[in-house]
Number of protein chains: 2
Amino acid sequence: MDEIFKALASEPRRRILRHLAIEPMTVGEIADNFEMAMPSISRHLSILRAAGVVREQKRGQYVLYMLVADRLTAPLYDFLTDFSEQAREIVETRPRRRGRD
Amino acid sequence: MDEIFKALASEPRRRILRHLAIEPMTVGEIADNFEMAMPSISRHLSILRAAGVVREQKRGQYVLYMLVADRLTAPLYDFLTDFSEQAREIVETRPRRRGRD
DNA sequence: TTCTTATTTAGCTAAATAGCAAAATAATAA
DNA sequence: TTATTATTTTGCTATTTAGCTAAATAAGAA
């Protein structure tokens, strides 16, 4: 949980997530949307990956990154339960966990 | 928005918010729940205040801090709209802004 | 006034973070 | 094989952050 909030405490990383919410992209495609040098993007991606909110898939010489939406939204809704009735409803009616951690 | 995510990227600060979700508390009362020295708590509070998620009220020699729940939840739901249909519903049906910024 | 209590500010150090350019890896192309 | 392209890792510097103690402020009590 702490790792996810740390990951989100960066405008570039939140922006990367918004891009990946549209469709999976390679590192280079992601980087095209930023001024930042590619190694910096790569570093941001590794932080997002460590937090579990994106996952990578080797595609030849490319690396395709894709959002793991649940791993992003679930902890945020969990956090919100202490502050919002609507979040409590969402979390209560949540389908039971499917994937591995 | 960036300020709020930065504010939330700290376990002690999230914990403070959870305490204030129960009831308003003075700095000393908050500090009693932590190992941390009071100046550190005070610093955390000033970061939360700058982000707008808590507000202070002088009560004699005490300073009472209270949560401003909307200022915490609204930006998070806004962020979530790009990743969650449920957040989009919440934001769409949200009553129009009331307070000052 | 002086004393005490509550809180904030200042000044410091250690650790974490973000960015870069250059070097290393990994895969494809020639 | 060598060369090229895509990505990650390394090594660096500058900035930010979190915590501390000590000092400053502010209010209440004596």
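How each quantity is defined
- Residues numbered from 1 in each chain as written.
- Chains lettered and ligands numbered in written order.
- Predicted model: local features only at pLDDT ≥ 70, side-chain atom pairs only at ≥ 80, totals over all residues.
- Heavy atoms only, no water.
- Near = heavy atom within 4 Å.
- Polar contact = N/O pair within 3.5 Å; in protein donor to acceptor, adjacent residues only side chain to side chain.
- Helix = DSSP H or I, 4+ residues; strand = E, 2+ residues; numbered from the N terminus.
- Pairing = 2+ DSSP bridges.
- Contact = heavy atoms within 4.5 Å.
- Axes fitted to C-alpha atoms, helices over the stretch in contact; angles between N-to-C directions.
- Nonpolar A, V, L, I, M, F, W, Y, C, P; charged D, E, K, R; others polar.
- Least-squares fit on C-alpha atoms with pLDDT ≥ 70 in both.
- Parallel < 35°, antiparallel > 145°, perpendicular 65-115°, else oblique.

### Describing the protein's contact with DNA strand D
And step 1. Surrounding DNA strand D, one finds 22 residues, the nearest of these being Gly28, Ser42 and Tyr65 of chain A together with Ser40 and His44 of chain B.
And step 2. In DNA strand D, the atoms that sit within 4 Å of the protein are 79% sugar and phosphate, with bases accounting for the remainder.
And step 3. Contact between DNA strand D and Gln61 of chain A: a base oxygen at 3.0 Å from a side-chain N or O atom of the residue.
And step 4. Here a phosphate oxygen of DNA strand D sits 3.1 Å away from a polar atom, N or O, in the main chain of Ala37 of chain B.
And step 5. Going through the elements one at a time, α3 (27-32), α4 (38-50) and β3 (62-67) of chain A together with α4 (38-50) of chain B are the ones with two or more residues in the surface near DNA strand D.
And step 6. For the surface near DNA strand D, the element with the most residues is α4 of chain B, which contributes four residues.

### Observations concerning the sheet that holds strand β3 (residues 62-67) of chain B
Residue and element names in this part refer to chain B.
And step 1. In space, the three strands of this open sheet follow the order β1-β3-β2, with antiparallel pairing throughout. The open sheet has two free edges, formed respectively by β1 (25-26) and β2 (54-59), since each of these has just one partner strand.
And step 2. Pairing of β2 with β3, which is carried by six bridges, proceeds in the antiparallel orientation. Residue pairing for β3: Gln57 is matched across the bridge by Leu64.
And step 3. Sitting on the sheet, α4 touches β2 and β3, and the angle it makes with β2 is about 120°.

### Comments concerning the protein's contact with DNA strand C
And step 1. Near DNA strand C there are 22 residues, and of these Ser40 and His44 of chain A together with Gly28, Ser42 and Tyr65 of chain B occur at the shortest range.
And step 2. The sugar and phosphate moieties of DNA strand C supply 80% of its atoms located within 4 Å of the protein.
And step 3. With respect to DNA strand C, the backbone of Ala37 of chain A contributes an N or O atom lying 3.1 Å from a phosphate oxygen.
And step 4. Ser40 of chain A places a polar side-chain atom, nitrogen or oxygen, 2.6 Å from a phosphate oxygen of DNA strand C.
And step 5. At the level of secondary structure, the elements contributing two or more residues to the surface near DNA strand C comprise α4 of chain A together with α3 (27-32), α4 and β3 of chain B.
And step 6. A per-element tally of the surface near DNA strand C places α4 of chain A first, with four residues.
And step 7. The class makeup of the residues in the surface near DNA strand C is 10 nonpolar, eight polar and four charged.

### Looking at the relation of the copies chain A and chain B
Put simply, the two copies of the chain differ by a rotation about an axis and a shift along that axis.
And step 1. If you rotate chain A by 180° and push it 0.0 Å along the axis, it lands on chain B with an RMSD of 0.0 Å. The two molecules are tied by a two-fold rotation axis, judged by turn and shift. Of every C-alpha in chain A, the one belonging to Ala9 of chain A sits nearest the axis of rotation, 3.0 Å from it.
And step 2. A share of 100% of the interface residues of chain A reappears at the interface of chain B, consistent with the copies meeting face to face through the same patch.

### Description of the environment of Gln57 of chain B
And step 1. Checked against the element boundaries, Gln57 of chain B lands in strand β2.
And step 2. Those residues within four positions of Gln57 of chain B in sequence are excluded, and the remaining contacts are Tyr62, Val63, Leu64 and Met66 of chain B.

### Considerations on the packing of helix α2 (residues 11-22) of chain A against α4 of chain A
Residues and elements named next belong to chain A.
And step 1. In contact at an axis separation of 10 Å, α2 and α4 are set at 75° when each is read in the N-to-C sense. Considering their axes alone, α2 and α4 lie roughly perpendicular with respect to each other. Here Pro12, Arg13, Ile16 and Leu17 of α2 come into contact with α4, specifically with His44, Leu45, Ile47 and Leu48.
And step 2. Residue classes in the contact of α2 with α4 are distributed as six nonpolar, one polar and one charged.

None of the figures reported here should be taken as evidence of function without further support.
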